[in-house]
Amino acid sequence: MSAPEVRGAAVSPEGEAPAGAPLLEVEQVRKLFPLKGRGSVLPLRAAHVPMLHAVDGVDLAIGTGESVGLVGESGCGKSTLVRLITRTLDPTAGAIRFRGEDIARIPASAFARVPQRKLIQMVFQDPTDSLNPRYTARETIAEPLRLLGGLSGTALSTRIDAVAALVQMPHELLGRFPHQLSGGQKARVGIARAIALEPSLLILDEPTAALDVSVQAVILHLLADLKQKLGMSYLFVSHDLNIVRLLCDRLMVMYLGRIVESGPARQVFESPRHPYTRALLSAIPGLGGGASRRIRLEGDPTSPIDPDPDRCRFHGRCPKGQDACTRSSPALVQLAPGQVVACHFPESA
Amino acid sequence: MDHPVPLLSVESLGVEFRTRSGTVHALEEISFSVGKGETIGVVGESGSGKSVLFYAVLGILDPAGRITGGRAVFGGLDLVRASPSELEAIRGREAAMIFQNPRVALNPIRKVGHQIEDVLARHTSTPSAALRQRAIEALASVRIPDPERRYDAYPFELSGGLCQRIMIAIALACSPSLLVADEPTTGLDVTTQAAVMDLISELAHKRKMATVLITHDLGLAAEHCDRIVVMHAGHVVETAPTADLFAHPRHPYTARLIATTPHGTSDLRSLAAIPGYLPDLRRGDLPACRFSERCDRFEAACTERPLARLDAGQPHSVACRRPL
């Protein structure tokens, strides 16, 4: 699946053409965590350390100016994937190409000193937990500008004012500490800090989960607006499909370390082909009332510790699971333009 | 919704908090009722007083809070004037509450099975030899797989969804006639949220238990409630049967709230925002209509007392001088 092809099918508000190679290209990236102290006491088995497969062979591409939504339940590996892309965690295998260069080779410990560091920024889930309580809003926004942007003095304060204006943060609130700000204002500070260095890729981890509905709408509008103004690409991580759909061109659904479905947002939303995507969509509470058409997922997810490679990971919870699903793990197959699904028995369109 | 005697009837309830920075007028003139076996949703932004309202009704208000007046009649007893021992006998037995964050609400150093037994031992005459069996039945009733094994689990060993099921098992252990669920699914995944809400709805139906769902998620309320009470800044602004409320919201705030909620067909452009913020409830000069400063239908009379009141006789009633 190449990104330009997908982008052509995606609904893009800007409608600009993709420029050659995608901005970010993740290829067969894996992250396994060894579970220490759980090795077998049997001498012949002692070498085997159980592994938690957090991210298990994920491909992902984000074009310049594109918004990609990554959805899945907690524990599916979303956050690990994000930490791999932001290079705060080293992958076990795979390539992460950013503007054509493989940044997976740069160790996480050295990533803070490379030029790509400023271009990948992140907005965190809880604006209260992710702001330093002893920094004023101004100091929070100043920190990346000082450390990575090398700004100081008047240039620094001019830039802070400009960034604050971009996120519509009133100037008089910049001297306040987080506890003196409302949830929406704190969210603005978190966004301002992330966009201060004009990154080309902004990763948003549930940016509105901690906000009230009324504020959520404001922040979503702000994010859409900023994307247009600054030409950033977004990777929007969430478990709320309703929100992801509003902001994203393309949607990727993750289940236990793997992408199970991906495609143009509207298409995936309107005709999901993987049973898990169906279940996720049917779980969204709607104003129309939808408890009756809900697809219930029974049981707990398969354990991510040393999963059987020849078995579909969704088997056991899947309403369509059959014997074939326990004999081979399905690969991603293109079922519609830009829409790929990993399922032996995909739903019809 | 025409119940001759409601199970819970709250009339003109007021609550204020004394704080260092002044008195917070948290609730004013709150009136609503919950019929037997009925499911109502209480919706509003954070800070609108949804949780405080039920803390006040169940007598678990923070010591800084004070009920300034009104009544909350539950099964013939006015909870506002009830003694602490009467309230203790009611909480957990006749009326139970599920809290927002199950990990915080459960005792972290006590096995979940024992936490269920505690409620049974306090409120029922279950012989102590039968407690364990009853607790395991309670775990099974909320569809916890392998209840015998989970009985011995501590909360940290269980997922968020399982912890919330334990909370539900504790709340329902004594078959209460009223269940108050305060944001029961915040922080849970959509699929887990759906499973937990379906479980609450199903058990409520089966036991003919009245349920109050406190939430800021209109979609969730729409799906699970018969009737909805909309709160804003410590006032009830509108109450109506669910379908009616969404089809014809009459309070400007309700209409705004519906417009900010993303749903199936909306796109980002159609997602409106509510201008302004909740008013500072410490203010001495709070206008009679606390939404007036955010409202586009405002006129001078809106700020004048007495308050616009709900008509208790009507199924759909609105507290607004200029309703839609």
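Residues numbered from 1 in each chain as written. Chains lettered and ligands numbered in written order. Predicted model: local features only at pLDDT ≥ 70, side-chain atom pairs only at ≥ 80, totals over all residues. Heavy atoms only, no water.

### Section: the overall build of chain A
Phase 1: Secondary structure summary: chain A contains nine helices and twelve strands in total.
Phase 2: Relative to its full complement of 349 residues, chain A shows a buried share of 54%.
Phase 3: Residue pairs at least 24 apart in sequence account for 65% of intrachain contacts in chain A once pairs closer than 6 positions are excluded.
Phase 4: Counting every atom, chain A has about 14,900 Å² of accessible surface; 52% of that belongs to carbon and sulfur. (Helix = DSSP H or I, 4+ residues; strand = E, 2+ residues; numbered from the N terminus. Buried < 20%, exposed > 50% of the residue type's maximum accessible area, 1.4 Å probe, protein only. Contact = heavy atoms within 4.5 Å. Areas by Shrake-Rupley, 256 points an atom, 1.4 Å probe, with all protein chains shown as cover.)

### Observations concerning the sheet that holds strand S9 (residues 250-255) of chain A
Residue and element names in this part refer to chain A.
Phase 1: One open sheet accounts for eight strands, arranged S6-S7-S8-S3-S9-S10-S12-S11; its pairing is mixed. Because the sheet does not close on itself, it has two edges, and the strands there are strand S6 (120-123) and strand S11 (333-336). The mean angle between the axes of side-by-side strands here comes to 25 degrees, regardless of whether they run parallel or antiparallel.
Phase 2: Of the pairings in the sheet, the one linking S11 to strand S12 (residues 339-341) comprises three bridges and is antiparallel in character. (Pairing = 2+ DSSP bridges. Axes fitted to C-alpha atoms, helices over the stretch in contact; angles between N-to-C directions.)

### Concerning the interface of chain A and chain B
Phase 1: Taken together, the contacts link 34 residues of chain A with 39 residues of chain B.
Phase 2: Between chain A and chain B, a total of about 3,000 Å² is buried, with carbon and sulfur atoms accounting for 57% of that surface.
Phase 3: Where chain A touches chain B, the interface holds zero salt bridges.
Phase 4: Counting across the chain A and chain B interface gives three residue pairs in polar contact (both at pLDDT 80 or more).
Phase 5: Secondary structure elements with two or more residues in the side of chain A that touches chain B: helix H6 (213-230) and helix H7 (241-247) of chain A.
Phase 6: In terms of residue count, H6(A) provides more of the side of chain A that touches chain B than any other element does, eight residues in total.
Phase 7: The residue makeup of the side of chain A that touches chain B, split by class, is 16 nonpolar, twelve polar and six charged. (Buried area = accessible area lost by both parts, 1.4 Å probe. Salt bridge = Lys/Arg side-chain N within 4 Å of Asp/Glu carboxyl O. Polar contact = N/O pair within 3.5 Å; in protein donor to acceptor, adjacent residues only side chain to side chain. Nonpolar A, V, L, I, M, F, W, Y, C, P; charged D, E, K, R; others polar.)

### A word on the sheet that holds strand S5 (residues 77-78) of chain B
Phase 1: Ordered in space as S2-S1-S4-S5 (chain B), the four strands form an open sheet in which the pairing is antiparallel. The outermost strands of the open sheet, each flanked by one partner alone, are strand S2 (22-34) and S5 of chain B.

### Side note on the domain arrangement of chain B
Residue and element names in this part refer to chain B.
Phase 1: According to the domain assignment, chain B contains domain 1 (8-94 + 176-318) and domain 2 (100-175).
Phase 2: If you look at the interface, domain 1 gives 22 residues, while domain 2 gives 16 residues.
Phase 3: Carbon and sulfur atoms make up 58% of the area that domain 1 and domain 2 hide from each other, which totals about 1,600 Å².
Phase 4: Of all residues in domain 1, Pro176, Leu199 and Arg207 bury the most surface against domain 2, accounting for 30% of the area lost on that side.
Phase 5: Our count for the domain 1 to domain 2 interface comes out at two salt bridges. (Domains from an automatic or database assignment.)

### Observations concerning the environment of Leu61(B)
Residue and element names in this part refer to chain B.
Phase 1: Position of Leu61 relative to the elements: it lies in the loop between helix H1 (50-57) and strand S4 (65-74).
Phase 2: By relative accessible area, which is 19% here, Leu61 ends up buried.
Phase 3: Sequence spacing of Leu61 and Ser51 is ten residues, and the spatial spacing of their C-alpha atoms is 9.8 Å.
Phase 4: Aside from chain neighbours lying at most four places away, what touches Leu61 is Val15, Phe17, Val52, Tyr55, Ala56, Arg66 and Ile67.

### What to know about the packing of aromatic side chains
Phase 1: In this structure the tally under the stated criterion is six aromatic pairs over all chains.
Phase 2: Arranged with centres 6.3 Å apart and planes meeting at 15 degrees, the rings of Tyr154(B) and Phe156(B) form a pair that is stacked.
Phase 3: Looking at Phe156(B), the relative accessible area reads 64%, which means it is exposed.
Phase 4: Taken together through their ring pairs, the aromatic side chains of Tyr255(A), Tyr276(A) and Phe314(A) make up a single cluster.
Phase 5: Here the guanidinium or amino end of Arg245(A) rests over the ring plane of Phe269(A), the centre of that ring lying 4.6 Å away.
Phase 6: In this structure, Arg132(B) packs its charged tip against the face of Tyr151(B), placed 4.2 Å from the ring centre. (Phe/Tyr/Trp six-rings, centres within 6.5 Å; stacked < 30°, edge-to-face > 60°. Lys NZ or Arg CZ within 6 Å of the ring centre and 35° of its normal.)

### Thoughts on helix H7 (residues 160-172) of chain B
Residues and elements named next belong to chain B.
Phase 1: In a regular helix each residue adds 1.5 Å, so 13 residues correspond to 18 Å; H7 covers 18 Å between its end C-alpha atoms and thus fits that length.
Phase 2: The buried count for H7 comes to twelve of 13 residues, which makes it a mostly enclosed element.
Phase 3: Within H7, the full set of buried residues consists of Gly161, Leu162, Cys163, Gln164, Arg165, Ile166, Met167, Ile168, Ala169, Ile170, Ala171 and Leu172. (Expected span 1.5 Å × (residues − 1).)

### With respect to the environment of Met122(A)
All names here are of chain A.
Phase 1: Summarising the element assignment, Met122 is placed in strand S6.
Phase 2: C-alpha of Met122 to C-alpha of Met252: the two residues are 130 residues apart in sequence and 19 Å apart in space.
Phase 3: Those residues in contact with Met122, other than ones at most four positions away along the chain, are Val82, Thr86, Ala194, Leu202, Ile203 and Asp205.

### Considering the pattern of salt bridges
All names here are of chain A.
Phase 1: What the rule picks out here adds up to 32 salt bridges over all chains.
Phase 2: A salt bridge links Asp56 to Arg258, with the shortest nitrogen-to-oxygen separation between them at 3.9 Å. Linking Asp56 in strand S2 (residues 51-62) with Arg258 in strand S10 (residues 258-264), this pair joins segments that are 202 residues apart in sequence.
Phase 3: A residue is classified by how much of its surface remains accessible, and Arg258, at 25% relative accessible area, is partly exposed.
Phase 4: Glu347 is the partner of Arg278 in a salt bridge, and the nearest nitrogen-oxygen pair spans 3.1 Å.

### Structural notes on the environment of Leu324(B)
All names here are of chain B.
Phase 1: Mapped onto the elements of the fold, Leu324 is located in the segment after strand S11 (317-318).
Phase 2: Through-space distance from the C-alpha of Leu324 to that of Leu220 is 24 Å; in sequence the pair is 104 residues apart.
Phase 3: Look past the residues within four positions of Leu324 in its chain and what remains in contact with it is Pro249, Arg250, His251, Pro252, Ala255 and Arg297.

### Let's talk about the packing of helix H4 (residues 112-123) of chain B against H7(B)
Residue and element names in this part refer to chain B.
Phase 1: At a minimum axis separation of 8 Å, H4 and H7 run at an interaxial angle of 20 degrees. In terms of their interaxial angle, H4 and H7 are classed as roughly parallel. Of the two possible hands of crossing, H4 and H7 adopt the one that is right-handed. For the pair H4 and H7, contact is made by Val112, Gln115, Ile116 and Val119 and by Ile166, Ala169 and Ile170, respectively.
Phase 2: When grouped by side-chain class, the residues that make up the contact of H4 with H7 number six nonpolar, one polar and no charged. (Parallel < 35°, antiparallel > 145°, perpendicular 65-115°, else oblique. Left-handed = near helix turned anticlockwise from the far one by under 90°.)

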